[in-house]
Amino acid sequence: MFAIFKTLGAIFCLIVISACSDNSAQQAVIHKAVAMESSDECHLCGMLITNFDGPKGEVFRKEQGDKVFKFCSTRDMFSYYLDPENTRNVSQILVHDMSKMPWGSDSIDDKYFIDAKTAWYVTGSEKTGAMGKTLASFSLQTDAQAFADEFGGKVLSFKDVNQDSLW
């Protein structure tokens, strides 16, 4: 009889421990892109997002649920994200796939947002965004390389982007 209580106690403890654990895969929240409106301002610089060319970004923070932080450029988005205080509190990042939409500001299409952490970036190209230089974002490395071949720059993965890549 004691063995049954011991076994049930162990099972109960495992359930409690697993329910309280910080299993990020279990707790991951997948957000849909939020439409870029003409009145939206960049979270970092305050500029009107839709007035400028190039890829935009959206960041969702862990502790703020569905609230989205919008950025006028991937450079501003990375400037925000690479701050250690922000990096550890971000649950999801989205960027535009520039292989699917033209560079102009009047062509922003919210259906072309992709997961920033799996995207490929071109830094140092001749194309500019709201704050000057920006990183062109692509879902495929081959598209990023084709862009770099045409407009200059270097192809980087998400994990290779750092503060030096932004300038």
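Residues numbered from 1 in each chain as written. Predicted model: local features only at pLDDT ≥ 70, side-chain atom pairs only at ≥ 80, totals over all residues. Heavy atoms only, no water.

Going by an unreviewed UniProt entry, the protein chain carries the name Nitrous oxide reductase accessory protein NosL and comes from Colwellia demingiae.

Peer 1: Please clarify how helix H5 (residues 141-151) should be interpreted in this entry.
Peer 2: Within the span of H5, buried status applies to Ala144, Phe147, Ala148 and Phe151. For H5, the buried positions fall inside an angular range of 100° around the axis, keeping them on one side. Of the residues in H5, the exposed ones pointing more than 90 degrees away from the buried face are Thr142, Asp149 and Glu150. (Buried < 20%, exposed > 50% of the residue type's maximum accessible area, 1.4 Å probe, protein only. Helix = DSSP H or I, 4+ residues; strand = E, 2+ residues; numbered from the N terminus. Arc of directions from axis to C-beta.)

Peer 1: Even after reading the chapter, I still don't get empty space enclosed by the protein, so can you show me in this structure?
Peer 2: Over the atoms rolls a probe the size of a water molecule, and in doing so it shows where empty space is left. One pass over the structure, following the stated rule, counts one cavity of 30 Å³ or more. Taken as a whole, the largest cavity encloses approximately 40 Å³ of empty space. If you go around the largest cavity, the residues you meet are Thr123, Gly124, Ser125, Lys133, Thr134, Ser165, Leu166 and Trp167. Residues of the lining of the largest cavity, tallied by class, amount to two nonpolar, five polar and one charged. (1 Å grid on protein atoms, 1.4 Å probe; cavity = no way out; pocket = protein on both sides within 12 Å on 5 of 7 lines; lining within 4 Å. Points joined across faces, edges and corners; volume = space filled by probe spheres on them. Nonpolar A, V, L, I, M, F, W, Y, C, P; charged D, E, K, R; others polar.)

Peer 1: Help me understand helix H3 (residues 74-81), please; the structure alone is not making it clear to me.
Peer 2: Because each turn of an α-helix spans 3.6 residues, side chains separated by three or four positions end up pointing in the same direction. Most of H3 sits out of view: eight of its eight residues are buried. If you check which residues of H3 are buried, you get Thr74, Arg75, Asp76, Met77, Phe78, Ser79, Tyr80 and Tyr81.

Peer 1: How do you make sense of the packing of aromatic side chains when you look at a structure like this?
Peer 2: Under the defined criterion, the tally for this structure stands at eight aromatic pairs. Aromatic pair phenylalanine 69 and tyrosine 80: ring centres 6.1 Å apart, planes at 25°, arrangement stacked. With a gap of 11 residues between them, phenylalanine 69 in strand E2 (residues 68-71) and tyrosine 80 in helix H3 connect regions that are remote in the sequence. Tyrosine 80 carries the same exposure label as phenylalanine 69, and that label is buried. An angle of 50° between the planes, with centres 5.2 Å apart, marks the rings of phenylalanine 138 and phenylalanine 147 as tilted. Residue phenylalanine 147 is classed as buried on the basis of its relative accessible area of 8%. Each residue in the set Phe78, Tyr81, Tyr121 and Phe158 is aromatic and connected to the rest through ring pairs, giving one cluster. (Phe/Tyr/Trp six-rings, centres within 6.5 Å; stacked < 30°, edge-to-face > 60°.)

Peer 1: Help me out: how do you make sense of the sheet that holds strand E8 (residues 136-138) in this one?
Peer 2: Across a sheet, strands are paired by hydrogen bonds formed along the backbone, either parallel or antiparallel in direction. Taken together, the three strands give an open sheet; going across it, the order is E8-E5-E9, and neighbouring strands pair in antiparallel fashion. Two strands lie at the open edges of the sheet, namely E8 and strand E9 (154-157), each paired on one side alone. Neighbour to neighbour, the strand axes of the sheet diverge by 30° on average, direction disregarded. Where strand E5 (residues 120-123) lies against E9, four bridges are found, and the strand directions are antiparallel. Within E9, the residue paired with tyrosine 121 across the bridge is leucine 156. Running over the sheet, H5 touches E5, E8 and E9 and is turned about 15° from E5. (Pairing = 2+ DSSP bridges. Axes fitted to C-alpha atoms, helices over the stretch in contact; angles between N-to-C directions. Contact = heavy atoms within 4.5 Å.)

Peer 1: In this structure, what is going on with the pairing of E5? I would like to understand it.
Peer 2: Consecutive side chains of a regular strand alternate in pointing toward one face of the sheet and then the other. The sheet contact formed by E5 and E8 spans three bridges and is antiparallel. Within E8, the residue paired with tyrosine 121 across the bridge is serine 137.

Peer 1: Hey, could you run me through the nonpolar core in this one?
Peer 2: Nonpolar side chains tend toward joint burial in soluble globular proteins. In terms of nonpolar packing, the biggest core is built from 28 residues, with Val59, Phe78, Ile93 and Tyr121 touching the most fellow members. For this core, the elements supplying multiple residues, two or more each, are strand E1 (57-61), E2, H3, strand E3 (90-96) and strand E4 (113-115). Ignoring anything within four residues of it in the chain, the contact list for isoleucine 93 reads Glu58, Val59, Met77, Tyr81, Ile114, Asp115, Ala116, Lys117 and Phe158. Val122, Ala136, Phe147 and Val155 belong to the second-largest nonpolar core, a separate cluster that totals 11 residues. (Core = buried A, V, L, I, M, F, W, Y, C linked by side-chain atoms within 4.5 Å.)

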